[in-house]
Amino acid sequence: MEALPDNWADIQPDTVYLSISGLLVSFASEQIKLGLKYDQKGKHLKAIEKGLVPPRGNAI
């Protein structure tokens, strides 16, 4: 299993990655496109890496 890349351009659709927090994450091609468009600095990707983003919806 691969480690989660630190930028959206290196992420492949439907590939399962392992985050440093131990979570398994996968992205669809549409999610990757949105990440490339709206998260150029990779802040959301870093939050996913740390386990700060809930798997579905809001944390509240």
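Just so you know, the residues in each chain are numbered from 1, in the order the chain's sequence is written. Residue-level local features of this predicted model are given only where pLDDT is at least 70; pairs of side-chain atoms are given and counted only at 80 or more, and the full residue set underlies all totals for whole chains, interfaces and linings. Water and hydrogen atoms were dropped before computing side-chain values, which therefore reflect all heavy atoms in the structure.

Undergrad: Just to check I follow, could you spell out a positive patch on the surface for this structure?
TA: The patches described consist of residues with a relative accessible area above 30% and no salt bridge, like charges being joined within 9 Å and nonpolar side chains (Val, Leu, Ile, Met, Phe, Trp, Tyr) within 5 Å. The protein chains shown are the only cover counted for residues, whose accessible areas, like all others here, come from Shrake-Rupley with a 1.4 Å probe. Put simply, a salt bridge is a Lys or Arg side-chain nitrogen that is within 4 Å of an Asp or Glu carboxyl oxygen. The sign given to each residue is positive for Lys and Arg and negative for Asp and Glu; His and the chain ends receive no count. For the purpose of locating charges, the reference atoms are NZ of Lys, CZ of Arg, CG of Asp and CD of Glu. Together, Lys41, Lys43, Lys46 and Lys50 make up a region of like positive charge exposed at the surface. By secondary structure assignment, the location of Lys41 is in the loop between helix H1 (29–38) and helix H2 (43–50). Note on Lys41: relative accessible area 68%, which makes it exposed. What counts as a helix is a DSSP run of H or I of at least four residues, what counts as a strand is a run of E of at least two, and both are numbered from the N terminus. The buried label goes to any residue with under 20% of its type's maximum accessible area, the exposed label to any with over 50%, and the partly exposed label to all in between, with areas taken from a 1.4 Å probe on protein chains only.

Undergrad: Explain the confidence of the model for the chain here, please?
TA: Any region with low pLDDT has predicted coordinates that should not be read closely. Think of pLDDT as the predictor's per-residue confidence, scored from 0 to 100. Of the residues in the chain, 90% reach a pLDDT of 70 or more, and the chain-wide mean stands at 88. Confidence, expressed as mean pLDDT per element, reaches its minimum in the chain at H2 with 88 and its maximum at H1 with 95.

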